[in-house]
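The primary structure of each chain is shown beneath.
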Amino acid sequence: MKAPITFAIAGFGDRGSTYASMEKLFPGKMKVVAVADLDPGKVKKARQLYGIPEESCFASAEEMLEKDRLADVLVVSTMDRQHVGHAIPGLKKGYHILLEKPISPELDKCRELLETAKGCPGSKVIVCHVLRYTAFYNTLKGLIAGGKIGDVVSICANENVAYWHQAHSFVRGNWRNSEETSPMILQKSCHDMDILTWLTGKKCTSVSSIGGIQLFKKERAPEGATPMCLGGCKAKEGCVFDAEKIYVTSPKTGIQTGKGWATSILSVENTLESTYRALREGPYGRCVYMCDNNVVDHQQTNLLMEDGSTVSFTMCAFTEDCYRYFKAMGTQGEIEADMKSNVIRLRVFGQPEEVFDIGAMEADLKGHGGGDSGIIGDFLDMLLHDAEATERTTTLENSMESHFIALAAEESRLRGGETVDLAAFKGRA
Ligand SMILES: NC(=O)c1ccc[n+]([C@@H]2O[C@H](COP(=O)([O-])OP(=O)(O)OC[C@H]3O[C@@H](n4cnc5c(N)ncnc54)[C@H](O)[C@@H]3O)[C@@H](O)[C@H]2O)c1
């Protein structure tokens, strides 16, 4: 294909706008030419940022997909349960698809998309498991696949969600309720199921999982708490989840210090005034003990792999920062690493420790440790050079495995931790 590869964005929210912003990183290779979002403010913003002609701006993905193909790539960055409904007509129009995860929380829908994609061999579908495109995980993969620690016997991994991120996304926000979106193990941790199995290069044969909501429920509300943080709450001062602290005054996440993590999600204007308005009127101002959330705040999942080795994975809301931790223990050594320090420590038994400082090696660690730009760069190269998918590419087929494991883990959790055989689960789900 010829450069620039043109992009149509379906859903100009946090993810859609992030992928669109890659136009600046890949000048001449990528151009955003069409946009659709339910929010006219977001469509206007995209139009101004990328000079999109009015006739290529749409009030919904459905409206955009009624038109003939407008670009080479359709970015499907709408919400979890909408992905398949937007990707299938996109494929039928001849778009290549950059598909946000999860594919769908319903396995039937995942399979329907897979079947449709098989019938459209001219179109590539890439699922946004961005971690596979980071220097951090590629270095780990190189060490493990290169046999540095012998055969991997056990992996222990943590997804530290961070208390403010949990409160934002999984208590007050978009992914608080699995009926509307997906269970936590699929929504947040399908990345982990994907990356951990990719790193080992082994198939998972069975899975068990336990977890629940420990804190974010009505009975844990402190005395004097009110439904809205700005509604005269008497517990506000001592509450770390107070929305005014998280979105306004916190030096780490508040808009006042200029960091404003996630305040752009509260309002398109993203000002102090619009943030306060959102906290008074919208879902992000709610008391974390009085929301309609049902997704877990902690969950532990164990995977048994085909060769008898094991993976133990813990997702937990109650951490200061948001990052992943990883430890692999092999027959000849161990690897310990975390994405906060971005340092990987290799200890081959009996030899001096080797340290890989990813921060010093890679310039761009922004956006999932460089994964956001990594996936776009890889996809652009695939399209420009008409290259085939590699073992690393997050094709639909590769991504399906993480969905099977995550949904089997959720079934196990709902059954109190009962072991679920993956082959049997695939057969009946
Ligand atoms: N790959 C990753 O690491 C990663 C990280 C976060 C979120 N996600 C996934 O990305 C998807 C989007 O998440 P987000 O954080 O951008 O959410 P968001 O709410 O910021 O964006 C979703 C956008 O879709 C728009 N939308 C909804 N229905 C639409 C329709 N019919 N037509 C057009 N636009 C429509 C909404 O108005 C909103 O702007 C989710 O499925 C989420 O699970 C992936």
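Residues numbered from 1 in each chain as written. Predicted model: local features only at pLDDT ≥ 70, side-chain atom pairs only at ≥ 80, totals over all residues.

**Considering the overall build of the protein**
Assigned secondary structure in the protein consists of 17 helices and 15 strands. Against the 2.2 N^0.38 benchmark of 22 Å for 429 residues, the protein shows a C-alpha radius of gyration of 22 Å, consistent with a compact globule. Taking the principal axes of its C-alpha atoms as reference, the protein extends roughly 60 × 60 × 45 Å. Residue burial in the protein is summarised as follows: out of 429 residues, 46% are buried. Put simply, of all contacts in the protein between residues at least 6 apart along the chain, 70% involve residues at least 24 apart. (Helix = DSSP H or I, 4+ residues; strand = E, 2+ residues; numbered from the N terminus. Rg over C-alpha atoms; globule rule 2.2 N^0.38 Å. Buried ≥ 20, exposed ≤ 12 C-beta atoms within 10 Å, placed from the backbone. Contact = placed C-beta atoms within 7 Å.)

**Concerning the sheet that holds strand 8 (residues 204-212)**
With respect to topology, 9 strands assemble into an open sheet ordered 14-13-12-11-7-10-9-8-15, the strand pairing being mixed. Of all strands in the sheet, those with a lone pairing partner are strand 14 (354-357) and strand 15 (420-421), marking the two edges. In this structure, strand 8 lies alongside strand 9 (residues 298-305), joined through 8 bridges in antiparallel fashion. Following the sheet pairing, cysteine 204 is matched in strand 9 by methionine 305. This element, helix 9 (residues 190-200), spans strand 7 (152-160), strand 8, strand 9 and strand 10 (310-316) of the sheet and lies at about 155° to strand 7. (Pairing = 2+ DSSP bridges. Axes fitted to C-alpha atoms, helices over the stretch in contact; angles between N-to-C directions.)

**Here's the deal with the nonpolar core**
Of all hydrophobic cores here, the largest spans 119 residues; its most connected members are Ile9, Leu99, Leu140 and Ile405. Residue contributions to this core peak at 7 residues, all from helix 16 (residues 396-414). Setting aside chain neighbours within four positions, we find isoleucine 405 in contact with Met193, Cys204, Val207, Leu303 and Leu422. (Core = buried A, V, L, I, M, F, W, Y, C linked by C-beta atoms within 7 Å.)

**Remarks on the domain arrangement of the protein**
Considered domain by domain, the protein is made up of domain 1 (5-127), domain 2 (132-216 + 293-362 + 394-428) and domain 3 (223-285). Computed from C-alpha coordinates alone, the two centres of domain 1 and domain 3 are separated by 31 Å. (Domains from an automatic or database assignment.)

**Let's talk about the packing of helix 4 (residues 83-92) against helix 5 (residues 107-118)**
Running from N to C, helix 4 and helix 5 point in directions that differ by 10°, and their axes come no closer than 10 Å. Looking at the two axes, helix 4 sits roughly parallel to helix 5. When helix 4 is examined against helix 5, the residues Val84, Ala87, Ile88 and Leu91 are found in contact with a partner set consisting of Lys109, Glu112, Leu113, Thr116 and Ala117. In the contact of helix 4 with helix 5, the residues fall into 6 nonpolar, 1 polar and 2 charged. (Parallel < 35°, antiparallel > 145°, perpendicular 65-115°, else oblique. Nonpolar A, V, L, I, M, F, W, Y, C, P; charged D, E, K, R; others polar.)

**Topic: the site of the ligand**
Residues in close proximity to the ligand total 28 residues, the closest being Gly11, Gly13, Arg15, Ala61 and Glu100. Elements represented by at least two residues in the shell around the ligand include exactly helix 1 (14-20) and helix 3 (61-66). For the shell around the ligand, the element with the most residues is helix 1, which contributes 3 residues. Looking at the shell around the ligand residue by residue, the class counts come to 9 nonpolar, 10 polar and 9 charged. (Near = placed C-beta within 6 Å.)

**Some points on the environment of alanine 3**
The topology assignment puts alanine 3 in the segment before strand 1 (5-10). Distance from alanine 3 to isoleucine 405, taken between C-alpha atoms, is 38 Å for residues 402 residues apart in sequence. Setting aside residues no more than four positions away along its own chain, alanine 3 makes contact with Gly28, Lys29 and Leu384.

**Focus: the sheet that holds strand 1**
Taken together, 6 strands build an open sheet; the order of strands is 3-2-1-4-5-6 and the sheet is parallel. Lying at the two open borders of the sheet, with one neighbouring strand each, are strand 3 (57-58) and strand 6 (125-127). In this structure, strand 1 lies alongside strand 2 (residues 30-36), joined through 6 bridges in parallel fashion. What sits directly across from alanine 10, in strand 2, is alanine 36.

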